[in-house]
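Spelled out, the chains give:
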Amino acid sequence: MQQLVVLFVALCISWSSWVVAQDDSGYLLGPGDKIIIQVYGEEELKIETQLTDSGKINYPFLGEIMAKGLTIKQLESRIYSGLKGDYFVEPNVFVGIVEYRPFFIHGEVKQPGGYPYKPGMTVNQAIALAAGLTERASREKIFIYREGNKTQALNANLNSKVSAGDTITIEQRFF
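Residues numbered from 1 in each chain as written. Predicted model: local features only at pLDDT ≥ 70, side-chain atom pairs only at ≥ 80, totals over all residues. Heavy atoms only, no water.

## Observations concerning the sheet that holds strand S8 (residues 137-145)
In step 1: Across the sheet, which stays open at both edges, the five strands sit in the order S7-S6-S10-S8-S9 with mixed pairing between neighbours. Unpaired on one side and paired on the other, strand S7 (113-115) and strand S9 (153-156) mark the two borders of the sheet. Along the sheet, successive strands turn relative to each other by an average axial angle of 30 degrees, direction set aside.
In step 2: Relative to strand S10 (residues 167-172), S8 runs antiparallel, the two being bridged by five bridges. (Pairing = 2+ DSSP bridges. Helix = DSSP H or I, 4+ residues; strand = E, 2+ residues; numbered from the N terminus. Axes fitted to C-alpha atoms, helices over the stretch in contact; angles between N-to-C directions.)

## Regarding the confidence of the model for the protein chain
In step 1: Per-residue confidence for the protein chain gives a mean pLDDT of 87; residues scoring 70 or more make up 85%.
In step 2: Considering only residues more than four positions removed or in separate chains, one finds that residues 1-23, a stretch of pLDDT under 50, has 28 contacts. (pLDDT = per-residue confidence, 0-100. Contact = heavy atoms within 4.5 Å.)

## Quick notes on the nonpolar core
In step 1: Counting 41 residues, the largest nonpolar core has Ile105 and Ile168 as the members making the most contacts within it.
In step 2: It is helix H2 (residues 72-83) that contributes the most residues to this core, four residues altogether.
In step 3: Ignoring sequence-local partners within four residues, the contact set of Ile168 consists of Phe103, Phe104, Ile105, His106, Val123, Ala126, Ile142, Phe143, Ile144 and Val162. (Core = buried A, V, L, I, M, F, W, Y, C linked by side-chain atoms within 4.5 Å. Buried < 20%, exposed > 50% of the residue type's maximum accessible area, 1.4 Å probe, protein only.)

## A few points about H2
In step 1: Along its 12 residues, H2 runs 17 Å from first to last C-alpha, staying within 8% of the 16 Å computed at 1.5 Å per residue.
In step 2: Among all positions of H2, only Ile72, Leu75, Glu76, Ile79 and Leu83 are buried. Along the long axis of H2, the arc covered by the buried residues comes to 100 degrees, so they all point the same way. (Expected span 1.5 Å × (residues − 1). Arc of directions from axis to C-beta.)

## Some points on unusual backbone geometry
In step 1: Positioned with a positive phi, Phe61 is a non-glycine residue whose angle comes to about 75 degrees.
In step 2: Relative to the elements of secondary structure, Phe61 occurs in the loop between strand S3 (56-59) and strand S4 (63-66).
In step 3: A relative accessible area of 47% means that Phe61 is categorised as partly exposed.
In step 4: For Ala131, which is not glycine, the phi torsion reads 70 degrees and is therefore positive.
In step 5: The exposure class assigned to Ala131 is partly exposed, which follows from its relative accessible area of 34%.

Next comes the structure, spelled out in structure tokens:
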């Protein structure tokens with residue numbers, strides 16, 4: 001029994017070393033997120049996949065599962081429910097995010113483009129990833145377009161939080 005506990009702890013440590021986050025309770029999965037799914041003791045049920053535009057994943061025994069719009073815990077629960085009973089007595093399901101979908105920044109930054117998202121990221125950190133502001137950049141005209149609503153700009157500042165899939169626009173200042 002003690003060896004089983006040691007093995008379980010070792011597996012948990014090894015999972016966390018390459019998984020970016022295992023429980024971001026408010027984070028909703030979307031296209032571009034790379035996730036890993038494992039069932040303890042069932043190596044053939046381990047998959048690492050990136051969500052496509054459809055938001056669906058194909059999982060052994062269960063077929064297509066809609067992952068888009070779910071939290072990590074909701075996806076774990078859906079897989080657990082699907083495997084329990086018909087296939088397993090009490091499956092131990094783990095879902096983790098290996099890589100978040102990118103955010104985008106353009107306008108008056110030195111290197112506009114898409115960059116890897118990190119939880120807790122601010123506009124200031126996003127600007128740093130884009131090699132800083134240009135000489136003509138405005139610190140007051142910063143806008144964030146959220147992933148689900150690309151038509152409505154939110155006024156932002158350097159301390160505003162960025163989410164995965166967001167688009168940040170930095171406009172020019174007038175002299």
